[in-house]
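So you can see what is in the structure, the chains are spelled out below.
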Amino acid sequence: MKMKNKIIAPFIALMALLTFSSCDKDLEVEEEDYMENFEMLWKTVDEKYCFFDYKKDSIKDWNNVYYEYKAKVENCRSKMDLFYILGDMLKELKDGHVNLYSSFDIARYDIQGDYLDNYNSKVISSDRYLGRDYKIAGGLKYKILENNIGYIRYSSFSSSFSDANLDYILDYFRNTEGIVIDVRDNGGGYADLVNVFASRFTDHKVHVGYMQYKSGKGHSDLSDPEPIYLEPGDGLHYYGRVAVLTNRNCYSATNDFVQTMTVLPNVITVGDRTGGGAGMPMSSELPNGWYMRMSVAPYLDVNMHYTEFGIDPDVKVDMDEKDELNKIDTIIETACTLILNASF
Amino acid sequence: MLRNFSFLLLLVSFSLSMSAQETDSVGYHLTNRAVTLSIGNSRIYDSYLSPLLYKGSGISLMDERVSFLSKKLDYLSKYTEFACNADFTNNPSETASILGLSFRGFTGVHYHMKPIKNMNLMLGGLANVDLGGRYQNRNQNNPYSMILNANLWASVMCYYHIPLKKRTLTIREHFSMPFVGVMFSPNYAQTYYEIFSESQYDGTFPITSFGSRFQWRNKLSLDFPIRICTFRVGLLMERTVTNVNELETRNMNVSCMVGLVYNYLTFKGSKRIPAELRNPVE
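What counts as what
- Residues numbered from 1 in each chain as written.
- Chains lettered and ligands numbered in written order.
- Predicted model: local features only at pLDDT ≥ 70, side-chain atom pairs only at ≥ 80, totals over all residues.
- Heavy atoms only, no water.
- Helix = DSSP H or I, 4+ residues; strand = E, 2+ residues; numbered from the N terminus.
- Rg over C-alpha atoms; globule rule 2.2 N^0.38 Å.
- Buried < 20%, exposed > 50% of the residue type's maximum accessible area, 1.4 Å probe, protein only.
- Contact = heavy atoms within 4.5 Å.
- Areas by Shrake-Rupley, 256 points an atom, 1.4 Å probe, with all protein chains shown as cover.
- Lys, Arg positive; Asp, Glu negative; His and termini not counted.
- Charge placed at Lys NZ, Arg CZ, Asp CG, Glu CD.
- Phe/Tyr/Trp six-rings, centres within 6.5 Å; stacked < 30°, edge-to-face > 60°.
- Lys NZ or Arg CZ within 6 Å of the ring centre and 35° of its normal.
- Expected span 1.5 Å × (residues − 1).
- Core = buried A, V, L, I, M, F, W, Y, C linked by side-chain atoms within 4.5 Å.
- Buried area = accessible area lost by both parts, 1.4 Å probe.
- Salt bridge = Lys/Arg side-chain N within 4 Å of Asp/Glu carboxyl O.
- Polar contact = N/O pair within 3.5 Å; in protein donor to acceptor, adjacent residues only side chain to side chain.
- Axes fitted to C-alpha atoms, helices over the stretch in contact; angles between N-to-C directions.
- Parallel < 35°, antiparallel > 145°, perpendicular 65-115°, else oblique.
- Left-handed = near helix turned anticlockwise from the far one by under 90°.
- Patch = residues over 30% accessible without salt bridge, like charges linked within 9 Å, V, L, I, M, F, W, Y side chains within 5 Å.
- Pairing = 2+ DSSP bridges.

Chemist: Provide a residue-level description of the overall build of chain A, including the pertinent values.
Modeler: Looking only at helices and strands, chain A has 10 helices and 13 strands in total. Scaling as 2.2 N^0.38, a compact globule of 344 residues should have a C-alpha radius of gyration of about 20 Å, whereas chain A reaches 26 Å, well beyond that. Once the C-alpha set of chain A is aligned to its principal axes, its extents read approximately 95 × 55 × 35 Å. A buried classification covers 53% of the 344 residues belonging to chain A. The contacts in chain A between residues at least 6 apart in sequence include a share of 72% that link residues at least 24 apart. Carbon and sulfur atoms make up 48% of the accessible area of chain A, which totals about 15500 Å². Once the 36 positive and 54 negative side-chain charges of chain A are each reduced to a mean point, those two points are 4 Å apart.

Chemist: Got a sec to walk through the overall build of chain B? Specific residues and values, please.
Modeler: Looking only at helices and strands, chain B features one helix and 14 strands. In chain B, which comprises 282 residues, the share counted as buried stands at 54%. Sequence separation of 24 or more characterises 66% of the internal contacts of chain B that already satisfy a separation of 6 or more. Put simply, chain B shows about 12900 Å² of open surface, and 63% of that area lies on carbon and sulfur atoms.

Chemist: Describe the packing of aromatic side chains, with residues and values.
Modeler: Residues and elements named next belong to chain A. Considering all chains together, one arrives at 39 aromatic pairs over all chains under this definition. For the ring pair phenylalanine 161 and phenylalanine 197, a centre distance of 5.4 Å and an interplane angle of 65° mean the geometry is edge-to-face. Taken together, the residues phenylalanine 161 in the loop between strand S5 (150-154) and helix H6 (163-172) and phenylalanine 197 in helix H7 (residues 192-198) connect sequence positions 36 residues apart. For phenylalanine 161, a relative accessible area of 7% gives the class buried. Counting every residue linked through ring pairs, the aromatic cluster contains Phe38, Trp42, Tyr49, Phe51, Phe52, Tyr54, Trp62, Tyr66, Tyr67, Tyr306 and Phe309. Here the guanidinium or amino end of lysine 205 rests over the ring plane of tyrosine 229, the centre of that ring lying 4.6 Å away.

Chemist: Give me helix H2 (residues 34-48) of chain A: which residues, what numbers.
Modeler: Residues and elements named next belong to chain A. Counted at 1.5 Å a residue, the expected span for H2 with its 15 residues is 21 Å, and the 21 Å between its end C-alpha atoms agrees. Looking at H2, one finds that the buried residues are Asn37, Phe38, Met40, Leu41, Trp42, Thr44, Val45, Asp46, Glu47 and Lys48. On its buried side, H2 packs onto helix H3 (62-74), helix H4 (79-91), strand S11 (279-285) and strand S12 (291-300).

Chemist: Quick one: what's the story with unusual backbone geometry, residue by residue and with numbers?
Modeler: In this structure, methionine 304 of chain A is a non-glycine residue whose phi angle is positive, near 65°. Mapped onto the elements of the fold, methionine 304 of chain A is located in the loop between S12 and strand S13 (315-316). Unusually for a residue other than glycine, asparagine 245 of chain B sits at a positive phi of about 55°. As for its position among the elements, asparagine 245 of chain B is in the loop between strand S12 (229-244) and strand S13 (247-268). Judged by relative accessible area, asparagine 245 of chain B falls into the partly exposed class, the value being 22%.

Chemist: Before we move on, can you summarise the nonpolar core with the specific residues and values?
Modeler: All names here are of chain A. Val45, Ile181, Phe197, Phe201, Phe257 and Met261 are the most contacted members of the largest nonpolar core, which has 87 residues in total. If we skip the residues at most four places from it in the chain, phenylalanine 201 touches Leu170, Ile179, Ile181, Tyr238, Tyr239, Val242, Met261 and Leu264. Counting 21 residues, the second largest nonpolar core, distinct from the first, contains Tyr119, Val123, Leu145 and Ile332.

Chemist: Lay out the interface of chain A and chain B in plain terms, naming residues and giving numbers.
Modeler: Chain A puts 49 residues into the contact, and the matching count from chain B is 47 residues. A combined buried area of about 4100 Å² lies between chain A and chain B, and 59% of that area is made up of carbon and sulfur atoms. When the area that chain A buries against chain B is broken down by residue, the three leading residues are Leu27, Tyr213 and Glu285 of chain A, summing to 15%. Between lysine 55 of chain B and glutamate 28 of chain A there is a salt bridge, and its shortest N-O distance comes to 3.0 Å. If you look at where chain A meets chain B, you find 18 residue pairs in polar contact (both at pLDDT 80 or more). Elements with a minimum of two residues in the side of chain A that touches chain B: helix H1 (2-20), H2, strand S8 (226-230), S11 and S12 of chain A.

Chemist: Any chance you could break down the side chain of histidine 112 of chain B for me, citing the residues and the numbers?
Modeler: Locating histidine 112 of chain B in the fold gives a position in strand S6 (residues 97-113). In this view, histidine 112 of chain B contacts Phe68, Tyr75, Leu76, Ser77, Asn120, Leu121, Met122 and Pro280 of chain B; residues no more than four positions away in its chain are not counted.

Chemist: Residues and numbers for the packing of H3 of chain A against H4 of chain A, please.
Modeler: Residue and element names in this part refer to chain A. Where H3 meets H4, the closest approach of the two axes is 10 Å, and the angle between their N-to-C directions is 165°. On the basis of their axis angle, the class for H3 and H4 is roughly antiparallel. Seen along the crossing, H3 lies across H4 with a hand that is right-handed. Facing H3, whose interface residues are Trp62, Val65, Tyr69, Lys72 and Val73, H4 presents Leu82, Ile85, Leu86, Asp88 and Met89.

Chemist: How would you summarise a nonpolar patch on the surface if you had to cite specific residues and measurements?
Modeler: Residues and elements named next belong to chain B. Nonpolar side chains collect at one region of the surface, where Val35, Leu37, Ile39, Ile59, Leu61, Phe88, Leu99, Tyr135, Tyr144, Val233 and Val258 lie side by side and expose about 930 Å² of accessible area between them. Of all the secondary-structure elements, those providing two or more residues to the nonpolar patch are strand S3 (31-46) and strand S4 (54-68). Sort the elements by how many residues they give to the nonpolar patch and S3 lands first, with three residues. By secondary structure assignment, the location of isoleucine 59 is in strand S4. Taking relative accessible area as the criterion, isoleucine 59 reaches 35% and is therefore assigned partly exposed.

Chemist: So, the sheet that holds strand S4 (residues 140-144) of chain A: which residues are in play, and what are the values?
Modeler: Residues and elements named next belong to chain A. Overall, mixed pairing links the seven strands, which are arranged S3-S4-S5-S6-S9-S10-S13 in an open sheet. Edge positions in the sheet fall to strand S3 (135-137) and S13, since each has one partner strand and no second. Judged from the five bridges that link them, strand S9 (residues 241-246) and strand S10 (residues 267-271) form a sheet pairing that is parallel. Within S10, the position partnered with threonine 246 by the bridge is glycine 271. Lying on the sheet, helix H8 (residues 253-262) is in contact with strand S6 (178-182), S9 and S10; it crosses S9 at an angle near 150°.

So, in structure tokens, the structure goes:
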């Protein structure tokens, strides 16, 4: 009997010890505790946000932000107040990819700021451009304009398209003088569609930029930049002149698309500075059920520069108010002129 | 024709009192097999998906087999296990959920000892592979967390038989713990898009040991015969803590097991039931 006890007793002691050590008490949260939600939000951003170093001269010190907003949360009286305090704290990062989502609102940073709209959907809908007889292939609207230039309107990288869609469009445009790709007011979407689209405008592998990711919890913990390449896509290609139209609301995947297209030889960008958003966002959440996202993986251009604050166009053009009243899109007209004059 | 078939003879556990028949094939070894269903409590913390602890339930189906390595090596047994697990968990505010699904296989060898009467103590090592994933229904670029790892485990199994008047009860304790392995993990804030679309695999398969992967699994069960069947009830507990690439996971599963245990013998040809059968867990 004693021998049996000697064998069984260590098992029981070990199991008791292991079970006790598995309680995870440190992960238990008070869901509605305002301070706990604030602390978790601040800490998550502190550990995961990727642009602290890059933006050190343009945003507040994150530790100072902690004390500034902690005082506000201490005086907070309602859940809605808490949301807007936390939302304001996130706006300090000046990043459209940093958002806080609740069931009653989404906290967001206004990327447009003082920039002009430089896009008018009513002008695009006029007969001079898309009119009513345009064609649709997936998320792409297209038409051959009167000056024999193909026009593609792509309003969101969340609207998908296929290789077959691109084949039909490029076949339809095969005898045109050039193509205008209008991605103004395109706020981004699926990153993998960027390469699918851009790959139709190159016949060889092209180095288009670099990618990093947050490799640790420190503000400077970023991985070495890894080069990213654009491979020629399957199906029909177009090697004529291409103008990509941009404005401040070209954001996220669209910013990436513009960055990729600028590397290609027969491509010119026309319009206004893009909105940036060159950090791929990741999601997280708070104890009270709100969730958030923040940039964690920056994209860099071929010269290893961040494009988080946007990309300047090759040709800067703003919409002319008189043109707009006459339903003429100054930016499209400029792009068409550049194509017809073989200016690039 | 019959000679080409493999016959599976199902012998109910502890039913060796069945009438023996004359045969020349002595020394046959049985395979002890248990098929169990576990239902219980599950907790998931995966810092890649969320900073919060998710709680819910888990279900698991497990098939375990123990057999001697060969007729001569009757102090060494082979252990195999296949299991599929599903976890259904929610965050504290119940506004998001994580669904976990994984498949795992174990194989290994145990050395048999009989320290006291009616006790079979088995010490050995196991190798395992886990494959599966977790899905968080609300995240954008980090909705998945892939489970892919392979480990070497130390394993202790103990069978203690309690003879009653007509039947025998068996208490089994199986404790195991990995000591080295390799697991897939994204780097700290690396998205799966970067890993798989841009082929950035550097650092995604780190070697793990106690410091980076602390895991243990304990199965305590009671086998009891009723008529011609032997049932198993028990408690399954498993704890996994990993800390690689500055990402932390903590999982805890506590489940009740129910199932069937039986012994079987495979042999070729139209032989008669062997007279002498050895059970690897006795």
